[in-house]
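One letter stands for each residue in the lines below.
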Amino acid sequence: MRRFIVLITLLFICTSCSQEANFDSPVYSGSKLKIGIVGDKPKIREKNISFIQLSMEDILQKKFKNLDSVFITKSYLKEAAKPQYAKIYLQSPIPFIFIESEKVYLAFIDDQLSYEDAHTIKSGDYLVGFYKDTYFGLGLHNNIKNEKTIQDCYSRLFVILERFKNTGKIIIN
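Presented here is a report on the structure given in the accompanying data block. (Residues numbered from 1 in each chain as written. Predicted model: local features only at pLDDT ≥ 70, side-chain atom pairs only at ≥ 80, totals over all residues. Heavy atoms only, no water.)

Counted at 1.5 Å a residue, the expected span for helix H6 (residues 147-167) with its 21 residues is 30 Å, and the 30 Å between its end C-alpha atoms agrees. Between the side-chain oxygen at the start of H6 and the backbone nitrogen of Lys148 there is a gap of 3.1 Å, and the oxygen is on Asn146. (Helix = DSSP H or I, 4+ residues; strand = E, 2+ residues; numbered from the N terminus. Expected span 1.5 Å × (residues − 1). Polar contact = N/O pair within 3.5 Å; in protein donor to acceptor, adjacent residues only side chain to side chain.)

Spelled out as C-alpha cells, the structure:
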C-alpha cells in the first residue's frame, strides 16, 4: 500500500511539472512593431519586433513619437518614476510599459509619489502598461518566472500593442 501511495504521488508530481512546461504559448505573428526600450532588450521569440535603444533623456525630449510603444526595464524604474516624467506618460501618444515593476502604475503617473512610497503590486503582474487613462498588467503563466513564461508574456503584450496600433485603444481579451 505504501508503494502505491508513493507511486501515485510521484506520478502526480511528474504530471504537474510537465503541464507547467507544456502550456500553450503562441508566438506573436502580427504586423511589425517598433518599440523603444530603456535598458536591455528582452529575449523574445518574435522576428517581427524591432527595438530602438532610448535613454531617459530621450523620454524627456519625447523622442518616441514614431514608435509603437516604449518599454522601461527594471533597472530604470526608479528613475522613470521621478516627477518630471509623469506628465510625459499621461500625455503620451503611445503606451509605456514598465517591466518587472514591484510598484503600481501610480508610481509613474503621480508626480507627488516616489517609487519607494508607491503601493506594492499585489496582482503579480510582470509587465505594467499605461496609456492615457488606461492601466493594464500582464502576469506570467501560473506566476512562474522562467524563459518560456516571460517570452509568453511578451507575445501576449505584442498582440495588445498591435491592437492599439490598429485601433488607438488598449484592448485586452
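Back to the write-up after that little detour.
Let us look at the packing of aromatic side chains. Scanning the entire structure with this criterion turns up 15 aromatic pairs. Ring-pair connections join several aromatic residues into one group, and the members of that group are Phe64, Tyr85, Tyr89, Phe96, Phe98, Phe108 and Tyr115. The side chain of Lys148 reaches across the aromatic face of Phe23, ending 5.1 Å from its centre. (Phe/Tyr/Trp six-rings, centres within 6.5 Å; stacked < 30°, edge-to-face > 60°. Lys NZ or Arg CZ within 6 Å of the ring centre and 35° of its normal.)

Another point: the pattern of salt bridges. Under the definition given, this model contains six salt bridges. Residue Glu100 pairs with Lys145 through a salt bridge whose shortest N-O separation is 2.6 Å. With Glu100 in the loop between strand S4 (96-99) and helix H5 (106-109) and Lys145 in the loop between strand S6 (134-139) and H6, this pair connects stretches of sequence that are 45 residues apart. The partner of Asp152 in a salt bridge is Arg156, with the nearest N and O atoms 3.0 Å apart. Placement of the pair is Asp152 and Arg156 together in helix H6, with a separation of four residues, close to one helical turn. Given a relative accessible area of 6%, Asp152 falls into the buried group. (Salt bridge = Lys/Arg side-chain N within 4 Å of Asp/Glu carboxyl O. Buried < 20%, exposed > 50% of the residue type's maximum accessible area, 1.4 Å probe, protein only.)

Right, let's get into the layout of surface pockets. A volume near 190 Å³ is recorded for the largest pocket. Contributing to the lining of the largest pocket are Lys74, Glu100, Ser101, Glu102, Ile121, Gly124, Asp125, Tyr126, Leu140, Asn143 and Lys145. Its residues assigned to classes, the lining of the largest pocket shows three nonpolar, three polar and five charged. (1 Å grid on protein atoms, 1.4 Å probe; cavity = no way out; pocket = protein on both sides within 12 Å on 5 of 7 lines; lining within 4 Å. Points joined across faces, edges and corners; volume = space filled by probe spheres on them. Nonpolar A, V, L, I, M, F, W, Y, C, P; charged D, E, K, R; others polar.)

Turning our attention to the sheet that holds strand S1 (residues 33-38). Pairing within the open sheet is mixed, and its six strands lie in the order S2-S1-S3-S4-S5-S6. Where the open sheet ends on each side, the last strands, each with one partner, are strand S2 (49-53) and S6. Strand-to-strand, the axes of this sheet are offset by a mean angle of 25°, without reference to chain direction. In this sheet, strand S3 (residues 69-72) lies alongside S1 in parallel orientation, the contact comprising four bridges. In the sheet register, Val38 faces S3, and the bridge partner there is Ile72. Sitting on the sheet, H6 is in contact with S1, S2, S3, S4, strand S5 (125-131) and S6, with an inclination near 150° to S6. (Pairing = 2+ DSSP bridges. Axes fitted to C-alpha atoms, helices over the stretch in contact; angles between N-to-C directions. Contact = heavy atoms within 4.5 Å.)

Geometric values such as these leave the question of function open.
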